[in-house]
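As a plain string of letters, each chain reads:
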Amino acid sequence: LAPKVVATRVLPQHAQARLKEQDFELVQWPEDSLMPRDKLLSDIKGAEGLLCVLGDKIDKELLEAAGPNLKVVTTMSVGYDHIDLATAKKNNIKVGYTPDVLTDATADLTVLLTLAAARKMKQGIRAAENGEWREWRPNWLCGYQFAGKTLGMVGMGRIGQAVANRLRAFGVNRVLYWGRSEKPELKGQAEFASMDQLLKESDYVVACCALTPETKELFDYEAFKKMKDTAIFANSARGAVVKQEDLVRALQENLIAGAGLDVTTPEPLPTDHPLFKLDNCVILPHIGSATIEAREVMGDICIDNITSGLKNEKLRCELNY
Ligand code: GLV
Ligand code: GLV
């Protein structure tokens, strides 16, 4: 009997074609929407593999609904805060994810957000389209440049380092970082700092960290108050690293100059949310890894993770947890 695998989404084109060729019994949600919870809870029964995305809640209830056959869960993301690892561990379930292959895409988008906020791109586009664009004006829509500035990276993993490398090429001449641990390999390129020092001294504060108990709501009113009033904040990590009502207040009170967000709480952010009304806040709909290149390989890795997991072999990208 072919093992049953549940996939909660349709994959990018080439990966999807390859998924269909596998010799397991594929139960796939065919629509371009989240798989309804009750459908997932019933389809997962007896499954040996689960291919999911970050909008799926892979909690105790779901993992236990699968029954004892579930061997492998792979998420098409680098983040895995939506998976209950304690329950997965208890049930000997391997967990796969898709690091590395989305680092460039996500770092590019993080630079875009930072630059968009620093150069008032939202007001600029609106002005150009609205007829507010008159003659060239010396004092109009002036933002901030990167050259000669200090970057503060909160989270200096693969993505954080890729962002720092990009911004060094833009002329940033000092990089501070805060994270779980100091990285000796970054000596001479970046300085390990306390959160306090990073907030006070950085012109750009960029969050690229995993969501953990230590980083949850790390950016609250006190944190924004410590930042320079000319500082730009960008977040391509998870919405929950920010205490969002405090960010609204900080932007309204001009405690910081602007923000660029690819992640919010909740997602999607309701269109009437106060953050959308702020000129100095640029918001994108969680598209950090959204390049054709990255998404195809992410799909491919998920298929490899599933096929290895079904055979009780080490996964192509296995989370050590
Ligand atoms: C996206 O947020 C990811 O974790 O890959
Ligand atoms: C994850 O955040 C990474 O740095 O790859």
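Residues numbered from 1 in each chain as written. Chains lettered and ligands numbered in written order. Predicted model: local features only at pLDDT ≥ 70, side-chain atom pairs only at ≥ 80, totals over all residues. Heavy atoms only, no water.

A. The arrangement of the nonpolar core in detail. Counting residues in hydrophobic clusters, the biggest one holds 42 residues, and the most contacted among them are L151, M153, M156, V163 and V175. Ranked by residues supplied to this core, first place goes to helix α12 (residues 292–310) with 6 residues. Taken domain by domain, this core gets at least three of its residues from each of domain 1 (4–99 + 292–310) and domain 2 (103–283). With residues up to four places along the chain from it excluded, the contact list for M156 reads Q161, A164, V175, Y177, W178, K183, L186 and A190. (Core = buried A, V, L, I, M, F, W, Y, C linked by side-chain atoms within 4.5 Å. Buried < 20%, exposed > 50% of the residue type's maximum accessible area, 1.4 Å probe, protein only. Helix = DSSP H or I, 4+ residues; strand = E, 2+ residues; numbered from the N terminus. Domains from an automatic or database assignment. Contact = heavy atoms within 4.5 Å.)

B. Structural detail: the packing of aromatic side chains. All chains considered together, the criterion is met by 7 aromatic pairs. Consider the rings of Y80 and Y97, whose centres lie 5.7 Å apart with planes at 85°: the pair is edge-to-face. Linking Y80 in the loop between β4 (72–75) and α4 (85–90) with Y97 in the loop between β5 (94–96) and α5 (103–118), this pair joins segments that are 17 residues apart in sequence. With a relative accessible area of 12%, Y97 lands in the buried category. When the ring of F146 is compared with that of F170, the centres are 5.4 Å apart and the planes differ by 75°; the resulting orientation is edge-to-face. Within this pair, whereas F146 is found in the loop between α6 (121–130) and β6 (150–154), its partner F170 is found in the loop between α7 (158–169) and β7 (174–178), the two being separated by 24 residues in sequence. Of the residues examined, F170 reaches a relative accessible area of 41% and is grouped as partly exposed. Three or more aromatic residues link up through ring pairs in this structure, and these residues are F146, F170 and Y204. Positioned above the aromatic ring of Y321 is the side chain of K89, whose terminal nitrogen or guanidinium carbon lies 5.0 Å from the ring centre. When the ring centre of Y221 is taken as origin, the NZ or CZ atom of R249, which lies over that ring, is 3.7 Å away. (Phe/Tyr/Trp six-rings, centres within 6.5 Å; stacked < 30°, edge-to-face > 60°. Lys NZ or Arg CZ within 6 Å of the ring centre and 35° of its normal.)

C. Broad picture of the site of ligand 2. V78, G157, R158, I159 and C208 make up every residue found near ligand 2. Interatomic distance of 2.7 Å between a side-chain N/O atom of R158 and an oxygen atom of ligand 2. Contact distances for ligand 2 include 3.0 Å between an oxygen atom and a backbone N or O atom of I159. Contact with the protein chains removes 85% of the 190 Å² of surface that ligand 2 exposes when unbound. (Near = heavy atom within 4 Å. Polar contact = N/O pair within 3.5 Å; in protein donor to acceptor, adjacent residues only side chain to side chain. Areas by Shrake-Rupley, 256 points an atom, 1.4 Å probe, with all protein chains shown as cover.)

D. Seen up close, the layout of surface pockets. Here the second largest pocket defines a volume of roughly 250 Å³. Along its surface, the second largest pocket is lined by 15 residues, and G124, R137, W140, L141 and C142 are the ones closest to its centre. Partitioning the lining of the second largest pocket into residue classes produces 9 nonpolar, 2 polar and 4 charged. (1 Å grid on protein atoms, 1.4 Å probe; cavity = no way out; pocket = protein on both sides within 12 Å on 5 of 7 lines; lining within 4 Å. Points joined across faces, edges and corners; volume = space filled by probe spheres on them. Nonpolar A, V, L, I, M, F, W, Y, C, P; charged D, E, K, R; others polar.)

E. Highlighting the site of ligand 1. Inspection of the region around ligand 1 gives L54, S77, V78, G79, L102, R238 and H286 as its neighbouring residues. At 2.8 Å, a backbone N or O of G79 approaches an oxygen atom of ligand 1. In this structure, H286 approaches ligand 1 through a side-chain N or O atom, which is 2.6 Å from an oxygen atom. Within the complex, 88% of the 190 Å² of free accessible area of ligand 1 lies under protein. In terms of residue class, the shell around ligand 1 is built from 3 nonpolar, 3 polar and 1 charged.

F. Region of the structure containing the sheet that holds β7. Strand order in the open sheet formed by 7 strands is β8-β7-β6-β9-β10-β11-β12, and the pairing between neighbours is parallel. Of all strands in the sheet, those with a lone pairing partner are β8 (191–192) and β12 (281–283), marking the two edges. Judged from the 3 bridges that link them, strand β11 (residues 258–261) and β12 form a sheet pairing that is parallel. Within β12, the residue paired with A259 across the bridge is C281. Contacts from helix α10 (residues 244–252) reach β10 (232–235), β11 and β12, with the element oriented near 145° to β11. (Pairing = 2+ DSSP bridges. Axes fitted to C-alpha atoms, helices over the stretch in contact; angles between N-to-C directions.)

G. Quick peek at the side chain of D43. You can see D43 is positioned in helix α2 (residues 37–43). Sequence-distant contacts of D43, defined by excluding residues within four places in its chain, comprise K4, V6, V27 and M35.

H. Expanded view of unusual backbone geometry. Cis rather than trans, the peptide bond between T265 and P266 has omega equal to -10°. Relative to the helices and strands, P266 is located in the loop between β11 and α11 (274–277). The amide bond that connects E267 to the next residue, P268, takes the cis arrangement and shows omega of -5°. Position of P268 relative to the elements: it lies in the loop between β11 and α11. Backbone geometry places E217, a non-glycine residue, at a positive phi of 55°.

I. Spotlight on the domain arrangement of the protein chain. You can read the domains of the protein chain as domain 1 (4–99 + 292–310) and domain 2 (103–283). One C-alpha centre belongs to domain 1, the other to domain 2, and the line joining them spans 32 Å. Taken together, the contact between domain 1 and domain 2 spans 7 residues of the former and 5 residues of the latter. If you sort the residues of domain 1 by the area they bury against domain 2, L54, D81 and P99 come out on top, with a joint share of 61%. There are 1 salt bridge connecting domain 1 and domain 2. (Buried area = accessible area lost by both parts, 1.4 Å probe. Salt bridge = Lys/Arg side-chain N within 4 Å of Asp/Glu carboxyl O.)

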